[in-house]
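Structural characterization, general
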Amino acid sequence: MLRRESKTSLARPTTVNGKQHSYYYEVLDALTGPGCGVCALVTRARIRYLDGLAYESVNDIAIREKLRKALGLCNRHAWFFLNDVREPLGTAIIYRDILRTLYRATANGNAPRAIVSVGPCLACTIERVVADNALFTIVDSLDSIELIEALQQSIGLCAPHLVRACQLAPPRTGQRLLEIVQQSWTRRMVTLHASLAMLATGAPGTFPKDQPTVPMIESTTKIGLPATDDPYTCPVCAYVNVNLLNVDPSHLTDKPSGLCNVHAWALPTDGFTSLLQQTHQIYLNQARLLVNRPDRGTIVEKARLFWRTRHPPLLVRAPVACVVCARQAAIEAQCGQEDHQLLCLPHLRQAVAAANANVLPRIRPSWLSLSELLGEYIRKEDYRFRHEPRGSERDSPRWATALVAGAPGLA
Ligand SMILES: [Zn+2]
Ligand SMILES: [Zn+2]
Ligand SMILES: [Zn+2]
Ligand SMILES: [Zn+2]
């Protein structure tokens, strides 16, 4: 049942004989809530999809194959699955498979290719489709008084979803939407950190962190990564976590500085308000640029009709660079040449890219031993063996998530 619902949400809603599709009412209902309506629909779709994965799809052969290609879920969704959906058994089943696949695939010379995913995170794909469907519905229904009222009476849309709507809409419709949303923002005079974080970056957990690329630093001085208590904890993840909040804006890239969704919600509320305001303003400027683009009119209209039946345009690159993500990339760049005994997969990729090839053979045995521990976890979940005392396999779903997807919020 749950799986059928998630599949249905992938179908693009249409207008039947000029009447609104029932999805329109779902969108309208979401817009009357307290935050961004599209973020609310995305959150609901994520929970539904991951619930379905936990209860039905985890043993589906085709889905397991897709998960294998994607090397599991992305960092954001892997931790949602474990902590929010509370699905340690599903996690154990998925990640035992991934760890065995990694171990086998890196036995020969294909190592660098085998540690890179060849498919998207399944939950990210669902979220993207749901957000686009909702935004297409809003853009198509801007002549509806009730929809305009719903946008005006809530915060309208968060800034990243407004930018995406302006990208999907023909310029004149985008201009109208921008005016409506800006009016509802102005009416609210947002000052609280949480409201500002919502407005500038979306609801918590809705978007991934930035992925800035910083060249690895070639240095002969080792920074000496601290030892960790957990046997499967990545020392680079641990080191980054300790040093992350020491933000230095000089690490910035080509884009203006702000915050990503992950760090807008993870940081302490003091001292970051101006960065959130700046983030909000940068997105607003991007939305203005999109609705004032020179190709107003027929070509865009035609292209939009094309997108309605094919794939929507690619997401525009977020116009803002998160200062904390940039700081993280700089710290990771320093760690590339360390003598690692263990690394999570995202940090292993960085080490291999930095020509630290020795690291892979040292890590492979950990994949095998952790997959065996996960096998033990799965066995003890069987009602016949539930009475057996629990050992270190109890923590294996969490260790496997951290080893494949990286520590929470770090990849
Ligand atoms: Zn939103
Ligand atoms: Zn994902
Ligand atoms: Zn790591
Ligand atoms: Zn960030």
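From a predicted model like this one, the values you see are computed outputs, not experimental measurements. (Residues numbered from 1 in each chain as written. Chains lettered and ligands numbered in written order. Predicted model: local features only at pLDDT ≥ 70, side-chain atom pairs only at ≥ 80, totals over all residues.)

With respect to the overall build of the protein
Assigned secondary structure in the protein consists of 20 helices and two strands. Among the 411 residues that make up the protein, the fraction classed as buried is 44%. Residue pairs in contact within the protein that sit at least 24 positions apart in sequence constitute 81% of those at least 6 positions apart. (Helix = DSSP H or I, 4+ residues; strand = E, 2+ residues; numbered from the N terminus. Buried ≥ 20, exposed ≤ 12 C-beta atoms within 10 Å, placed from the backbone. Contact = placed C-beta atoms within 7 Å.)

Observations regarding helix α5 (residues 75-84)
Burial of α5 is extensive: eight of the 10 residues sit out of reach of the surface. Restricting attention to buried positions, one finds in α5 the residues N75, R76, H77, A78, W79, F80, F81 and L82. Lining the buried residues of α5 we find α3 (37-55), α6 (88-105), α8 (122-140) and α20 (396-405). Following α5 by one or two positions, R86 has its phi on the positive side, about 55°.

Description of unusual backbone geometry
In this structure, L71 is a non-glycine residue whose phi angle is positive, near 55°. In this fold, L71 is placed in the loop between α4 (61-69) and α5. Its identity is not glycine, yet R86 carries a phi of approximately 55°, on the positive side. Taking the C-beta count within 10 Å as the criterion, R86 has 11 such neighbours and is therefore assigned exposed.

Focus: the nonpolar core
One finds L162 and L403 to be the most contacted residues of the largest nonpolar core, which totals 117 residues. Residue contributions to this core peak at 10 residues, all from α3. There are two domains that each give this core at least three residues, and those are domain 1 (2-70 + 121-206 + 272-318) and domain 2 (88-118 + 213-251 + 336-405). In contact with L162, other than residues within four places in its own chain, are L157, L178, V181, Y283 and A287. (Core = buried A, V, L, I, M, F, W, Y, C linked by C-beta atoms within 7 Å. Domains from an automatic or database assignment.)

Some words on the confidence of the model for the protein
Scored by pLDDT, the protein comes out at a mean of 84, with 84% of its residues at no less than 70. Mean pLDDT across the elements of the protein bottoms out in helix α1 (residues 2-8) (39) and peaks in α20 (96). Contacts for the low-pLDDT stretch residues 1-11, under 50 throughout, to residues beyond four places or in other chains number 16 contacts. (pLDDT = per-residue confidence, 0-100.)

As for α20
Counting buried positions along α20 yields nine of 10 residues, so the element is predominantly enclosed. Burial in α20 covers these residues: S396, P397, W399, A400, T401, A402, L403, V404 and A405. Where α20 is buried, its residues meet α5, α6, α13 (235-243), α18 (345-353) and α19 (359-380). Within two residues after α20, G406 carries a phi angle of roughly 90°, on the positive side.

Considerations on the environment of E65
Relative to the helices and strands, E65 resides in helix α4. Note on E65: 12 C-beta atoms within 10 Å, which makes it exposed. Residues E65 and I98, spaced 33 residues apart in sequence, show a C-alpha to C-alpha distance of 9.9 Å.

Things to note about the packing of helix α10 (residues 159-168) against helix α15 (residues 273-291)
Axis angle and axis distance: for two packed helices, these are the angle between their axes and the distance between the axes, and together they describe the pair. In the contact formed by α10 and α15, the axes pass within 9 Å of each other and the chain directions differ by 10°. If you check the angle between α10 and α15, you find them roughly parallel. Residue-level inspection shows A159, P160, L162, V163, C166 and Q167 of α10 in contact with α15, the latter providing H280, Y283, L284, Q286, A287, L290 and V291. Across the contact of α10 with α15, the residue classes break down as 10 nonpolar, three polar and no charged. (Axes fitted to C-alpha atoms, helices over the stretch in contact; angles between N-to-C directions. Parallel < 35°, antiparallel > 145°, perpendicular 65-115°, else oblique. Nonpolar A, V, L, I, M, F, W, Y, C, P; charged D, E, K, R; others polar.)

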